[in-house]
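Analysis of the macromolecular model
Each chain is listed here by its residues.
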Amino acid sequence: MYPVYVYRRTCKQIFDFCLQEAKRKPPREALGVILGFRRSWQGENYIRVTDWATGRVEASIAYARFTPEGILEYRLALHDRYGANPHTPRVVGLWHSHPFGGDPHFSSTDLRTFFNTPFCAEGNVFFLIDPLSRIFKVYMLRPRLEEPGLQLERVDWCTYQPSVPLGDAPPIEDQLHDEEPVEDE
Ligand SMILES: [Zn+2]
């Protein structure tokens, strides 16, 4: 049982998008929202990531932020994709890249974003990707043990390939360890 399961296709698409932006001259950070479902299985909560979206961003090699139009764009894209479908995934976090070819770490700006509205919620997930060094890290906001509040923890995760329609099926059967080049350290 992992805290985070990422649909293999979603993982690859996000990674490829980050790589494409990193290969621009000059390179650019990429940014988008993570979409999925909060699930629980035998008392354990986990997140199933099923999709992603992005919109216009202001970006440089060390910066990325949605413009107001960008936020509207990703919301409209989701509306087009899912309409009134009751199984529409929710925004459960953010992904972004640091295109330096190193071991990426969140900046203080990143942390401020995660610990503020609308992203600060228990179970929300954040991906940090360096496409040039092929690093894909997954973090989750979890309750602190000793005191009230949330802390950002790096968590184990895996990709999965759905063999059945997405629903409340237990994740165990379809869990697959990532054997593609996109991998956690
Ligand atoms: Zn960052």
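Description of the structure in this document. (Residues numbered from 1 in each chain as written. Predicted model: local features only at pLDDT ≥ 70, side-chain atom pairs only at ≥ 80, totals over all residues. Heavy atoms only, no water.)

Moving on, we get to the nonpolar core. Val4, Val49, Trp95, Val125, Phe127, Ile129 and Phe136 are the most contacted members of the largest nonpolar core, which has 22 residues in total. With residues near it in sequence (within four places) discarded, Val125 still touches Val4, Ile34, Ile47, Val49, Val92, Gly93, Leu94, Tyr139 and Met140. In terms of nonpolar packing, the next biggest core, distinct from the first, is built from 19 residues, Ala53, Leu78, Phe114 and Phe119 among them. (Core = buried A, V, L, I, M, F, W, Y, C linked by side-chain atoms within 4.5 Å. Buried < 20%, exposed > 50% of the residue type's maximum accessible area, 1.4 Å probe, protein only. Contact = heavy atoms within 4.5 Å.)

For the rest of this paragraph, the subject is the coordination of the zinc ion. Note on the zinc ion: its protein donors are His96 (NE2), His98 (NE2), Asp110 (OD) and Asp110 (OD). The metal-donor distances range over 2.0 to 2.6 Å. Considering all four donor atoms around the zinc ion, the spread of angles at the metal, 55 to 164°, places the coordination shape in the irregular class. Mapped onto the sequence, the residues coordinating the zinc ion show the spacing H-x1-H-x11-D. Of this pair, His96 sits in strand β6 (residues 90-97) while Asp110 sits in helix α3 (residues 108-114), and the two are 14 residues apart along the sequence. For His96, a relative accessible area of 5% translates into the label buried. (Donors = N, O, S within 2.8 Å, 3.2 Å for Na, K, Ca; no water. Tetrahedral: all angles 85-135°; square planar, octahedral: opposite > 155°, others 65-115°. Helix = DSSP H or I, 4+ residues; strand = E, 2+ residues; numbered from the N terminus.)

Here the focus is the packing of aromatic side chains. Tallying each qualifying case throughout the model produces 12 aromatic pairs. Relative to Trp95, the ring of Trp52 has its centre 5.7 Å away and its plane inclined at 70°; by these criteria the two rings are edge-to-face. Taken as a pair, Trp52 in strand β3 (residues 44-53) and Trp95 in strand β6 lie far apart in primary sequence, 43 residues in all. Like Trp52, the residue Trp95 is buried in the burial classification. Arranged with centres 5.2 Å apart and planes meeting at 55°, the rings of Phe127 and Phe136 form a pair that is tilted. On the basis of relative accessible area, Phe127 is assigned to the buried category, the value being 0%. Judged by its relative accessible area of 0%, Phe136 falls in the buried class. (Phe/Tyr/Trp six-rings, centres within 6.5 Å; stacked < 30°, edge-to-face > 60°.)

With respect to the helices, strands and loops of the structure, Tyr63 is situated in strand β5 (residues 63-66). For Tyr63, a relative accessible area of 35% gives the class partly exposed. Distance from Tyr63 to Leu31, taken between C-alpha atoms, is 9.4 Å for residues 32 residues apart in sequence. Contact partners of Tyr63, with chain neighbours within four places excluded, come to Glu29 and Glu58.

Before going further, it helps to examine the pairing of β3. Of all 10 residues that make up β3, eight are buried, and the element is covered over most of its length. Here strand β1 (residues 4-7) pairs with β3 via three bridges, running parallel. Bridging across to β3, Tyr5 finds its partner in Arg48. Strand direction decides the pairing type here: strand β2 (residues 31-41) and β3, joined by nine bridges, are antiparallel. Bridging from a neighbouring strand, Gly36 pairs with Val49 of β3. Where β2 folds back onto β3 in an antiparallel hairpin, the turn is made up of two residues, including Gln42, whose phi is positive at roughly 50°. (Pairing = 2+ DSSP bridges.)

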